[in-house]
Amino acid sequence: MNRTQRRRVRDGALYAVLTLALVGAAVVTDWEAVTTNFLDGPTWRAMWPEIVTVAVWNTVTYTVISFVFAFAVALVLAFMKLSPLAVYRWLATAYIEFFRGLPALVVIFFMAFAVPLAFHWIPPGGLVGAGIVGLIVTYAAYMAETLRAGIQAVPKGQREAAQSLGMNGAWTTVSVILPQAIRIVIPPLTNELVALIKDTSLLFVVGMQADQVELSAFGQNNTVTFANASPLLAIALFYLVVTLPMTRLVAWLERRQQRAR
Amino acid sequence: MTTVEPERGARAIEVRDLHKYYGSHEVLKGVDFHVDAGQVVCVIGPSGSGKSTLLRCVNRLEEPTSGRILVEGIDICDPEVDLAAVRSRIGMVFQQFNLFPHMSVLKNLCVAQRRVRKRSQDEAVRIARDNLAKVGLADKENAYPAHLSGGQQQRVAIARALSMEPDMMLFDEPTSALDPELVGDVLAVMRTLATDGMTMMVVTHEMGFAREVGDNLVFMDGGVIVEEGDPVDVLSHPRHARTQAFLSKVL
């Protein structure tokens, strides 16, 4: 056997094993239980269209609000961390280490229940709004480190070239450094965006009204209401409907920009 | 901010007793140096001699430790001076080109014109196209830097600096990162610039260029200027042992 034949045999064997495993799983599955518990027609129909108009809509809204504000805070933190002034660096480091070390769930709890008690202040959007503030401060810490790494990855010569043309520091940062830094961090930022989509499920701990539910709360509520697990499969599918296009879109953006480089 | 108008009759570049430390390491040990308007001065020397540091001090990309640097009579180390305005009159070309990779060639040439010179888009584009034609790359205005050869990128970088209509140009080893067959195009552009009367300070390893184009040649070693004078004299009859040793290796 030459090398090509050996490779074909090996690949064929792998496919055979994979197929056997799938067939085996299908054989041992209790399809009747699956159908009654996860594919219950009346339950699926009862969730429509609220699963999209309320649950998906809220998941996306909470994600976008959290991401935009977290990105803005992260940008400030990243520049503080790169500041020549030690006070700024120290403050940014303290913030980042503090919030990176806490589970998002705990921060959401604190924002929704401890902060209003301590300061007699509830953010816009009530408890859900407070929970979103929790997501923002947590994700700002993650994204700040990512952005700092991206800014530092831009070659030093880029800033020097802009300065030698007489461009001031702020304009150099905006038009020369940041566009390149953000391009560098698009892959890790995508990971953080997808993680954020999924972490909006933590907001349920603050308690939600019917029109505030995102996918996970919607799934849990309906599972209880209908005493059937179909909503769990439904929300899993809709999470993928939200996350897959985002990761695909960003992959496409990345390829397009790679070509421009 | 103090005035940034160039002083009449002042030298283009005047460096007095310049010292520069990196930590405890002294890279410039008291350098006196000048370039007159319209002159081409080439600086040669072994790596680590401080020649690039000297050049980078002239537009304060390096912070001098002590000494004075006057550009067209303006003390650029004066904390009151509008450094960006002074820099905008000093074109700089880097060894690694340093084009902005996320901008097209035309945008590379226009961004500082628009922002610093406050030119209209039409005027900036017109000046950019003139300069691209000057460096022989008129057909590349929509290309991105990554799609150009090193020699083309360096010529774009020269055109970018020229688009600011600077009073002088600094070249920091402009051909050192290029494949040998691409060096000639860049040197040809620089030669034309010199012929047109541009004031130039050129840190280089191109002895042929220094001999033909330079009005003055400076040899640096160990953070000091060892020898300077007419390029033909210095290159043919070096007086100092260190100059002789260096030239015997590179010529």
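Structure: see above.
Rules of the game
Residues numbered from 1 in each chain as written. Chains lettered and ligands numbered in written order. Predicted model: local features only at pLDDT ≥ 70, side-chain atom pairs only at ≥ 80, totals over all residues. Heavy atoms only, no water. 1 Å grid on protein atoms, 1.4 Å probe; cavity = no way out; pocket = protein on both sides within 12 Å on 5 of 7 lines; lining within 4 Å. Points joined across faces, edges and corners; volume = space filled by probe spheres on them. Nonpolar A, V, L, I, M, F, W, Y, C, P; charged D, E, K, R; others polar. Helix = DSSP H or I, 4+ residues; strand = E, 2+ residues; numbered from the N terminus. Expected span 1.5 Å × (residues − 1). Bend = angle between axes of the 7 residues up to and from the residue. Pairing = 2+ DSSP bridges. Axes fitted to C-alpha atoms, helices over the stretch in contact; angles between N-to-C directions. Contact = heavy atoms within 4.5 Å. Buried area = accessible area lost by both parts, 1.4 Å probe. Salt bridge = Lys/Arg side-chain N within 4 Å of Asp/Glu carboxyl O. Polar contact = N/O pair within 3.5 Å; in protein donor to acceptor, adjacent residues only side chain to side chain. Phe/Tyr/Trp six-rings, centres within 6.5 Å; stacked < 30°, edge-to-face > 60°. Buried < 20%, exposed > 50% of the residue type's maximum accessible area, 1.4 Å probe, protein only. Lys NZ or Arg CZ within 6 Å of the ring centre and 35° of its normal. Parallel < 35°, antiparallel > 145°, perpendicular 65-115°, else oblique. Left-handed = near helix turned anticlockwise from the far one by under 90°.

A.B. asks: Sorry if this is basic, but what is going on with empty space enclosed by the protein here?
C.D. replies: Leftover empty space is mapped by rolling, across the atoms, a probe with the size of a water molecule. Here the structure, examined in full by the defined rule, presents two cavities of 30 Å³ or more. Taken as a whole, the largest cavity holds about 40 Å³ of empty space. Along the walls of the largest cavity sit B:Lys134, B:Val135, B:Leu162, B:Val189, B:Thr192, B:Leu193 and B:Asp196, which together make up its complete lining. Residues of the lining of the largest cavity, tallied by class, amount to four nonpolar, one polar and two charged. Of the volumes computed, that of the second largest cavity is approximately 40 Å³. Put simply, the parts of the chain that give the lining of the second largest cavity at least two residues each are helix H8 (156–164) of chain A together with helix H5 (150–162) of chain B. Sort the elements by how many residues they give to the lining of the second largest cavity and H5(B) lands first, with three residues. Residue composition of the lining of the second largest cavity, by class: six nonpolar, one polar and one charged.

A.B. asks: Which parts of the structure should I look at to understand helix H9 (residues 169–199) of chain A?
C.D. replies: An α-helical turn contains 3.6 residues, so any two residues separated by three or four positions project in the same direction. Compared with the 45 Å implied by 1.5 Å per residue over 31 residues, the 37 Å span of H9(A) between its first and last C-alpha is markedly short. At A:Ile186, H9(A) shows its maximal bend, which comes to roughly 60 degrees, and the proline A:Pro187 appears one to four places after that position.

A.B. asks: Would you explain the sheet that holds strand E6 (residues 90–93) of chain B in this entry?
C.D. replies: Whenever strands of a sheet pair, they do so through backbone hydrogen bonds, lying parallel or antiparallel. Residues and elements named next belong to chain B. Spatial ordering of the open sheet is given by E6-E7-E8-E3-E9-E10, a layout of six strands whose pairing is mixed. Each edge of the open sheet is held by one strand with a lone partner, namely E6 and strand E10 (224–229). Pairwise comparison of adjacent strand axes, ignoring direction, gives a mean angle of 15 degrees for this sheet. Bridge analysis of strand E3 (residues 40–44) against strand E8 (residues 199–203) gives four bridges, and the strand direction is parallel. Residue pairing across strands places valine 43 opposite valine 203, the latter belonging to E8. The sheet contacts of helix H6 (residues 180–195) involve E3, strand E7 (168–172) and E8, and relative to E8 the element is tilted by about 145 degrees.

A.B. asks: Would you explain the interface of chain A and chain B in this entry?
C.D. replies: Interface size, as often reported, equals the accessible area lost upon joining of the parts. On the side of chain B, 25 residues touch chain A, which itself brings 20 residues to the contact. In total, about 1900 Å² of surface goes out of reach between chain A and chain B, with carbon and sulfur atoms giving 63% of it. In this assembly, chain A and chain B are joined by one salt bridge. Among the ionic pairs, B:Arg56 bridges to A:Glu160, the shortest N-O distance being 2.6 Å. Summed over the shared surface of chain A and chain B, the number is four residue pairs in polar contact (both at pLDDT 80 or more).

A.B. asks: Explain the packing of aromatic side chains here, please?
C.D. replies: Each aromatic ring pair is summarised here by two numbers: the centre-to-centre distance and the angle between the ring planes. Tallied over the full model, the rule gives six aromatic pairs over all chains. Between the aromatic rings of A:Tyr95 and A:Phe99, the centroid separation amounts to 4.7 Å while the plane-to-plane angle is 50 degrees, which identifies the pairing as tilted. Of this pair, A:Tyr95 and A:Phe99 both sit in helix H5 (residues 86–100), separated by four residues, roughly a single helical turn. Judged by its relative accessible area of 12%, A:Phe99 is buried. With a centroid separation of 5.3 Å and an interplanar angle of 90 degrees, the aromatic rings of A:Tyr139 and A:Tyr142 are classed as edge-to-face. Here A:Tyr142 and A:Tyr139 lie together in helix H7 (residues 126–153), a separation of three residues that amounts to about one turn. An aromatic cluster of three or more residues is present, and its members are A:Tyr95, A:Phe98 and A:Phe99. For B:Arg115, the ring lying beneath its charged end belongs to A:Trp171, and the centroid distance is 3.8 Å. Lying over the aromatic face of B:Phe100, B:Arg160 brings its terminal NZ or CZ to 4.5 Å of the ring centre.

A.B. asks: How should I be thinking about the environment of A:Val133 in this particular structure?
C.D. replies: Residues and elements named next belong to chain A. Note on placement: valine 133 falls in helix H7. Accessibility expressed as a relative area gives 25% for valine 133, which makes it partly exposed. The spacing of valine 133 and phenylalanine 69 is 64 residues in sequence and 8.9 Å in space, taken between C-alpha atoms. Not counting residues up to four positions away in its chain, the partners in contact with valine 133 are Met111 and Pro123.

A.B. asks: Hey, could you run me through the packing of helix H3 (residues 105–115) of chain B against helix H4 (residues 121–134) of chain B in this one?
C.D. replies: When two helices pack together, their arrangement is given by the angle between the helix axes and by the axis-to-axis distance. All names here are of chain B. Packing of H3 against H4 leaves a shortest axis separation of 9 Å and a crossing angle of 130 degrees. In terms of orientation, H3 lies oblique with respect to H4. Of the two possible hands of crossing, H3 and H4 adopt the one that is right-handed. Of the residues in H4, those in contact with Val105, Leu106, Leu109, Cys110, Gln113 and Arg114 of H3 are Gln121, Glu123, Ala124, Val125, Ile127, Ala128, Arg129 and Leu132. Grouping the constituent residues of the contact of H3 with H4 by class yields nine nonpolar, two polar and three charged.

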